[in-house]
Amino acid sequence: MHGIPSKTLNDGLEVPAIGFGTANIKGSAGVSIISSAIDTGYRLIDSAFNYENEGAVGAAIRRSSIPREQLRITSKLPGRHHSYKKAVTTIQESLLRAGLDYYDLYLIHWPNPKQEMYVEAWQALIDAKKWGLIRSIGVSNFLPEHLEKIIHETGVTPSMNQVELHPYFSQETQRSYHQEHGIITESWSPLGRASHVLENKDIQSIAQTHDKTIPQIILRWHIQLGALPLPKASSAGRQRENLAVFDFSLSDQEMHTINKLTKPDGRIHDQDPAIYEEF
Ligand SMILES: NC(=O)c1ccc[n+]([C@@H]2O[C@H](COP(=O)([O-])OP(=O)(O)OC[C@H]3O[C@@H](n4cnc5c(N)ncnc54)[C@H](OP(=O)(O)O)[C@@H]3O)[C@@H](O)[C@H]2O)c1
C-alpha cells in the first residue's frame, strides 16, 4: 500500500500501518485538507458521525484519483444511537452523507456503559457487515470488561479498538489484552494532541540522534509498539512529516525511555471510558 507497511485484521482486511485523523476537519476547507492527505499517501482515513465530516471525507474521495478499493475509510457510531434500530439507520445515514456504498471500518465510538446498550449496537454492526454495508467492524474506547461482554454475548471479536494512546498514556494492559485476543490497537491523539509531550526533553534527545522530529519519534514508537497511529495534521508539510517514519527504527533502550514517560493520570482530558460518556 504505497510504501506504507500494512497490517492484517482478524477478518482478513488489510489496512495501512498509519492512518489520518480528521477530528475538527470539516466543510470545504476540510475537503482540501483530506484531499491533501490522500495525495500525500494516506490511505486509511478516520472519521465519525459526530465529527460532522463524513460528507467532507466522501467529497475528498471523489476528488482523488486513487481507486476506492485502495482506500480504507472509517466512521463511528455515536452514543445516542446505540439501540439496534437507530444504529442500523445511523450506519445507512453515514453512508448517505459520505456518498459511499460501504465503509471499510465502522466502530462503536464510546461504550457508554451506564446506558448498557453497546451489545445491541454491536449486534447492529455485525448485521451491517453481513449486509455488505461495512467490511470490518470494531470499537473505540472499550475497556477489557466491555470487550469481554460483546465477545461473550455475540461470539464476534472486534477487528480493532481505537483508544487514547500517546507517550504519557501508553495503555500497556489494554494493549496486552488486544494482543491476546487478536484485536488491532489504533491510537487516538497519538501526538498527545500537540500538548507538552511535543517538548519532552527525552524524546527531543532521541530525535536528535536520528535526525528526525519529535512527532516522527513518537509515531515510530507507536508503530514499534504494534499500535496503529492516526495523527491529524492540517498542512501538507506536517502530513508528509508524519508519514516519514518507516526509514528508521528505535532501539530497545529508546523504546524503554519513551515507555517510562507514561503516567496513571496521563489521559489528556481524563476521559476514562468506565465513567465518561459521549453521545
Ligand atoms: N475515538 C475517539 O474517541 C477519538 C478521540 C480523539 C481523537 N480521535 C481520532 O484521532 C485523531 C488524532 O487525534 P487528535 O486530532 O486528537 O490529536 P493528535 O493527532 O495527537 O494531534 C493533532 C495536533 O497535532 C498537531 N500536529 C500534527 N502533526 C504535527 C507535527 N508534525 N508537528 C507539530 N504539530 C503537529 C496538529 O496541528 P495542525 O492540525 O494544526 O497541523 C494538531 O494540533 C483525531 O483526529 C480523530 O480522528 C478519536
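Residues numbered from 1 in each chain as written. Predicted model: local features only at pLDDT ≥ 70, side-chain atom pairs only at ≥ 80, totals over all residues. Heavy atoms only, no water.

As for the overall build of the chain
Counting secondary structure elements, the chain contains 10 helices and nine strands. For the chain, whose C-alpha radius of gyration is 18 Å, the value lies close to the compact-globule estimate of 19 Å for 279 residues. With respect to the three principal axes, the spread of C-alpha positions in the chain is 55 × 40 × 30 Å. A sequence separation of at least 24 residues applies to 73% of the contacts in the chain between residues at least 6 apart. For the chain, the accessible area works out to roughly 11,800 Å², and carbon and sulfur atoms hold 48% of it. Side-chain charges of the chain comprise 28 positive and 32 negative groups, with the mean position of each set lying 5 Å from the other. (Helix = DSSP H or I, 4+ residues; strand = E, 2+ residues; numbered from the N terminus. Rg over C-alpha atoms; globule rule 2.2 N^0.38 Å. Contact = heavy atoms within 4.5 Å. Areas by Shrake-Rupley, 256 points an atom, 1.4 Å probe, with all protein chains shown as cover. Lys, Arg positive; Asp, Glu negative; His and termini not counted. Charge placed at Lys NZ, Arg CZ, Asp CG, Glu CD.)

Section: the nonpolar core
I34 and L125 are the most contacted members of the largest nonpolar core, which totals 68 residues. When residues in this core are grouped by element, the largest group, eight residues, is from helix α4 (residues 118-130). Setting aside chain neighbours within four positions, we find L125 in contact with L77, I91, Y106, L107, I108, I134, I137 and G138. V15, L105, L107 and M160 belong to the second largest nonpolar core, which has 10 residues in total. (Core = buried A, V, L, I, M, F, W, Y, C linked by side-chain atoms within 4.5 Å. Buried < 20%, exposed > 50% of the residue type's maximum accessible area, 1.4 Å probe, protein only.)

Concerning the environment of L13
Note that L13 resides in the loop between β1 (6-8) and β2 (14-16). Expressed as a C-alpha distance, the spacing of L13 and D104, which sit 91 residues apart in the sequence, is 8.5 Å. When neighbours within four sequence positions are excluded, L13 is seen to be in contact with K7, T8, R72, D104, R135 and S136.

Focus on the pairing of strand β6 (residues 134-140)
As a general feature of sheets, a regular strand has side chains that alternate between the two faces. The buried count for β6 comes to six of seven residues, which makes it a mostly enclosed element. Inspection of the sheet shows strand β5 (residues 103-108) paired to β6 by five bridges, in the parallel sense. Directly across from Y103, in β6, lies its bridge partner I134. For the segment spanning β5, α4 and β6, crossover handedness is right-handed. Looking at chain direction, β6 and strand β7 (residues 160-164) are connected through two bridges and run parallel. Looking across to β7, one finds that S140 is bridged to Q162. In this region the chain leaves β6, passes through helix α5 (residues 144-154) and returns to the parallel neighbour β7; the handedness of that crossover is right-handed. (Pairing = 2+ DSSP bridges. Right-handed = clockwise from strand over helix to strand, strands pointing away.)

Quick look at the environment of I217
Checked against the element boundaries, I217 lands in helix α8 (residues 214-225). I217 sits in the buried class, given a relative accessible area of 0%. Once the C-alpha coordinates of I217 and K86 are considered, the two residues, 131 residues apart in sequence, prove to be 41 Å apart. In contact with I217, not counting residues within four places along its chain, are I203, I206, A207, H210, K212, F248, L250 and I258.

Description of the pattern of salt bridges
One pass over the structure, following the stated rule, counts 11 salt bridges. R135 serves as the salt-bridge partner of D104, at 3.1 Å between the closest nitrogen and oxygen. Residue D104 is located in strand β5, and its partner R135 is located in strand β6; the two are separated by 31 residues in the primary sequence. A salt bridge links E116 to K149; its shortest N-O distance comes to 4.0 Å. Of this pair, E116 sits in the loop between β5 and α4 while K149 sits in helix α5, placing them 33 residues apart in sequence. With relative accessibility at 62%, the residue E116 sits in the exposed group. A relative accessible area of 30% places K149 in the partly exposed class. Because the salt bridges share partners, they merge into one network encompassing E54, E93 and R97. (Salt bridge = Lys/Arg side-chain N within 4 Å of Asp/Glu carboxyl O.)

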